[in-house]
Amino acid sequence: MTDHSQPGFSAHHTPIPIRQVEGREWWLWGFAVAVTLVLTCGILSLTFPGFHLPGDDFRSQTLKEWVRGLAALVLLFDIYTVYQHLQLQRIRRRLAERERLFHLITENAADMIAVVDRQGNRLYNSPAYKKILGYNLEELASTSSFEQVHPDDRARVLQVAQKAYFTSGGESLEYRIRHKDGSWRVLESTSSAIPGPNGKADGLVIVSRDITERKRAEALLDHRAFHDGLTNLPNRALFLDRLQRAIAVSQRHREFKFGVLFIDIDKFKVFNDSLGHAAGDDLLIQIARRLTTCIRSADTFARGTDNSQSTAGDNTLARPGGDEFVVLAPELRDPSDAIRMSERLQQRLAIPFAVKGCEIVITASIGIVFSGSSSADAEDVLRDAEIAMYRAKHAGKARCEVFDNAMQADAVKRLQLETDLRKALEYDEFRVHYQPLVSLQDTRIVGFEALTRWQRPQGIVMPGEFISVADETGLILPMNRQLLREACQQIRRWQSLFPSDPPLYMSVNVTAKQFAQPDLDSQIKEILEQTGMDPSWVDLEITENIAMGDAERSAIVLSELKALGVRLSIDDFGTGYSSLSRLQRFPVDTLKIDRSFIAGMDSDPETHEIVRIIVILAHNLGLKVVAEGIENREQMEMLKHFGCELGQGYLFSRPVAADMVVQLLASQHAAREGLDQGSTVPHSFPR
Ligand code: C2E
Ligand code: MG
Ligand code: MG
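Each chain has its residues counted from 1, running along the sequence as written. Chain labels run from A onward and ligand labels from 1 onward, assigned in the order the entries are written. Reporting in this predicted model follows two pLDDT cut-offs: at least 70 for local features of residues, and 80 or more for side-chain atom pairs to be given and counted; totals over whole chains, interfaces and linings ignore these cut-offs and use all residues. Heavy atoms from the whole structure form the basis of all side-chain values; hydrogens and water molecules are not counted.

## Remarks on the overall build of the chain
The helix and strand inventory of the chain stands at 24 helices and 21 strands. All radius of gyration figures rest on C-alpha atoms, and the globule criterion is 2.2 Å times the number of residues raised to 0.38. Its C-alpha atoms give the chain a radius of gyration of 49 Å, more than 25% over the compact-globule value 26 Å for 687 residues. If you line up the chain on its principal axes, its C-alpha atoms span 190 × 65 × 50 Å. Three exposure classes are used, based on accessible area relative to the maximum for each residue type with a 1.4 Å probe and protein chains only: buried under 20%, partly exposed in between, and exposed over 50%. Residues classed as buried in the chain amount to 44% of the 687 residues present. The contact criterion used is simple: two residues touch if any of their non-hydrogen atoms lie within 4.5 Å. When contacts within the chain are restricted to residue pairs at least 6 apart in sequence, those whose partners lie at least 24 apart make up 65%. Accessible area for the chain stands at about 36400 Å²; split by element, carbon and sulfur atoms hold 56% of it. The distance from the centre of the 79 positive side-chain charges to the centre of the 91 negative ones in the chain is 7 Å. Numbering of helices and strands starts at the N terminus; helices are DSSP runs of H or I of at least 4 residues and strands are runs of E of at least 2. Methods summary: accessible areas were calculated by the Shrake-Rupley approach with a probe of 1.4 Å, and residue burial reflects only the protein chains presented. Positive charges are assigned to Lys and Arg, negative charges to Asp and Glu, while His and the chain termini are left out of the count. Working definition for charges: the position is that of NZ of Lys, CZ of Arg, CG of Asp or CD of Glu.

This is how it looks when you write it as structure tokens:
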């Protein structure tokens, strides 16, 4: 395409010199009118009354008449001509005015205005072209607008231009055009046809606007809507979209398989809380980077030698939120590929990170869903991967689990349990049972452990089935506040009914969630005050796992609790970290040996020895020892022999309701009297 600039639209637009033209015209017309007037006057003079042609009077008279008529006609013609000329001038002035206006608009408009002929040649380009696209008018004249359009957009541009010729235009179009500096600009153009004399369009007026910045802003907003601000990874919405596509492909092509990996950083909260949020963010960014490089190399790894089937794109890593990352790995052959990939990710994550000058070592739990094993809905697949991840966490963290339907059934059951627990609290379905704590020396009841029971219409539910869920959901907090209040009221009643020296005490359990409450001490203090309970006769049991989890913090919390004046016990000792040296730093009074040791003590010499050593070491630390789960006399005798002070178990009594406790204490009272006459106490406990 070549451009032919026409005078009216030439690069140097000089407005038409209208006055000059008009001046010349006036001369011309003036001259013509003067000549005709002179002629007319001449003719008329012939007809003046004093003028006589010699000869025939009649003929001269007729001629005079004719000449006079002719003169009148010429005069009329002159008047008409002058009138027409004035009209023409008016029209021309109006046109000139319009052109001036056109120039004013086009030369100053921020939008680019172009006029092209039917062949697409440029007839006019407004100065905005230089400002926006960098070309000066000469350069524009020597280049073709079509050539500057992005090759991918040319067909569309041509199509809309063709359409504009037939429909007189008005349709707007977005396309890319090359700037003089080589970059691409996005234009929004509207073209309108210029109607020609034969009714057909002669050319087009194209008004274009540079929308590059707007497009960039829109793209940025779009990006933001689908990416995570911290790591710049795709977010949950974009991930779900890609996952849904992968599901659709797998439904169409049976051979196409994919895996979804749900990655959760173990104990991320601990890093976040101890290092601060900025460092936590830094860690997340580093994790994202490491995972990205790892899944990129995993792309080729997963496909192995067969590169031909790459139909669904590369692995996608996304961050749905918090310390969670998800991977969509298309084209895996079977679940073992996904497991291998998980293991690689875990190995990479195990390499220490440097955050704030500290070396941080993390582990991750990964849940895997393999295509076909879950629903056809992306949300469901992601949820199943999360369920599998939780399973991995519960199984001890730093591992991966592949989702199966049993997991889903478990998750549904758990959800139901959560709902039921909420209702149970509302309908007051929890009961407190009390299990005696017995002095092994003389089998006297010295205290009780308060244990929750869930009284459902279909029967009693044991704590093993609901305490952990209640703890995770936080329901344990109101539950155990109620339990502590009730237990305090009971023990006060029993203390006064059955006075002893020292008085009976009450032991209550503290869960992880409770232990994590920053105001646990003041909550307990409040209940003690409300119930008028002397703190000396309250024992708080904290399991070994909770206490050893974050030893630094535990030491602080335990000191705060100790400051209330209560006793402290380490529950289920032997099942966790079992560090006696760490115990030294905690202000605890009692060690409760887990019942698994007591159960194995009489049959397994090694366990027997362990229990003996625990008792010795605990005594060395100045702690009293309670043996849990004593079920027979042999166990009781052995423990007594080791010097274990207290025992708890079915041999003495199962946990019982409050009214049974009164009977127990009463029968003990009677038995003590009987003991004086030689009977043995354990038999006096109701079974
Ligand atoms: P735990 O604190 O170690 O409580 C002792 C558990 O051992 C009780 O189980 C008790 O019934 C059982 N037990 C006692 N003697 C024997 C025995 O001779 N043989 C056998 N096989 N078991 C015996 P329970 O009541 O089912 O409670 C289980 C756990 O649930 C408790 O372990 C405690 O950690 C938790 N728990 C129960 N109620 C509450 C509660 O109200 N609050 C909190 N935070 N935890 C509770
Ligand atoms: Mg306990
Ligand atoms: Mg225990």
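## Details of the site of ligand 1
Proximity criterion: a residue is near a molecule or strand once any of its heavy atoms comes within 4 Å of it. Lining the immediate environment of ligand 1, one finds 24 residues, of which Glu449, Thr452, Asp571, Arg595 and Glu631 sit closest. Gln435 has a polar side-chain atom sitting 3.0 Å from a nitrogen atom of ligand 1. When ligand 1 is considered free in solution it has 790 Å² of accessible area, and contact with the protein chains removes 87% of it. Counting only elements with at least two residues in the shell around ligand 1, the list comes to β14 (444–456), α15 (476–497) and β18 (567–573). By residue number, the principal contributor to the shell around ligand 1 is β14, which donates 4 residues. Throughout this entry, Asp, Glu, Lys and Arg are counted as charged residues, while Ala, Val, Leu, Ile, Met, Phe, Trp, Tyr, Cys and Pro are counted as nonpolar. The remaining residues, Gly among them, count as polar. Classifying every residue of the shell around ligand 1 gives 8 nonpolar, 8 polar and 8 charged. In protein, a polar contact requires one atom able to donate a hydrogen and another able to accept it; more generally it is a pair of N or O atoms within 3.5 Å, and residues adjacent in sequence count only if both atoms are side-chain atoms.

## Topic: unusual backbone geometry
Most peptide bonds take the trans form, and the phi angle of most residues other than glycine is negative. Cis geometry marks the peptide bond from Asp501 to Pro502, where omega comes out at -5°. Despite not being glycine, Thr443 shows a phi value in the positive range, around 50°. Mapped onto the elements, Thr443 comes out in the loop between β13 (430–439) and β14.

## Points about the environment of Pro587
Within the secondary structure, Pro587 sits in the loop between α20 (580–583) and β19 (590–593). C-alpha separation for the pair Pro587 and Leu558, spaced 29 residues apart in sequence, amounts to 6.6 Å. If we skip the residues at most four places from it in the chain, Pro587 touches Leu558, Ser559, Lys562 and Leu568.

## Topic: the coordination of the magnesium ion (ligand 3)
Each metal's donors are the N, O and S atoms within 2.8 Å of it, or within 3.2 Å when it is Na, K or Ca, and because water is not part of the set, sites may look incomplete. For the magnesium ion (ligand 3), the full set of protein donor atoms is Asp571 (OD), Asp572 (OD), Glu628 (OE) and Glu628 (OE), at a range of 2.0 to 2.7 Å. Binding-site remark: the magnesium ion (ligand 3) is held by donors from one chain whose sequence spacing is D-D-x55-E. The metal-metal distance between the magnesium ion (ligand 3) and the magnesium ion (ligand 2) is 3.9 Å, with Asp571 coordinating both.

## Section: the coordination of the magnesium ion (ligand 2)
With distances of 2.0 to 2.2 Å, the protein atoms coordinating the magnesium ion (ligand 2) are Glu449 (OE), Asn509 (OD1), Glu541 (OE) and Asp571 (OD). Here the donor residues of the magnesium ion (ligand 2) are spaced in sequence according to E-x59-N-x31-E-x29-D. With a relative accessible area of 4%, Glu449 lands in the buried category.

## Some words on the nonpolar core
Among buried residues, those of type Ala, Val, Leu, Ile, Met, Phe, Trp, Tyr and Cys that are joined through side-chain atoms within 4.5 Å constitute a nonpolar core. In terms of nonpolar packing, the biggest core is built from 68 residues, with Tyr434, Phe448, Trp494, Leu540, Leu583 and Leu639 touching the most fellow members. Sorting elements by how many residues they give to this core places α15 first, with 6 residues. The residues touching Phe448, leaving out its near neighbours within four places in the chain, are Tyr434, Gln435, Pro436, Leu437, Ile491, Trp494, Leu504, Tyr505, Met506, Ser507, Val661 and Leu665. Of all hydrophobic cores here, the second largest spans 33 residues; its members include Leu261, Ala288, Val327 and Ile368.

## Observations concerning the packing of helix α8 (residues 236–252) against helix α12 (residues 378–394)
Here, axes are lines fitted to C-alpha atoms. For helices the fit covers the stretch in contact, and angles between N-to-C directions go from 0 to 180 degrees. It is at 8 Å that the axes of α8 and α12 come closest, and there the two elements cross at 105°. Classed by the angle they form, the pair α8 and α12 counts as roughly perpendicular. Note on element contacts: α12 touches α8 through Ala378, Glu379, Val381 and Leu382, opposite Arg236, Phe239, Leu240, Leu243, Gln244 and Ile247. Of the residues belonging to the contact of α8 with α12, the class tally is 7 nonpolar, 1 polar and 2 charged. An angle below 35 degrees is read as roughly parallel, one above 145 as roughly antiparallel, one from 65 to 115 as roughly perpendicular, and any other as oblique.

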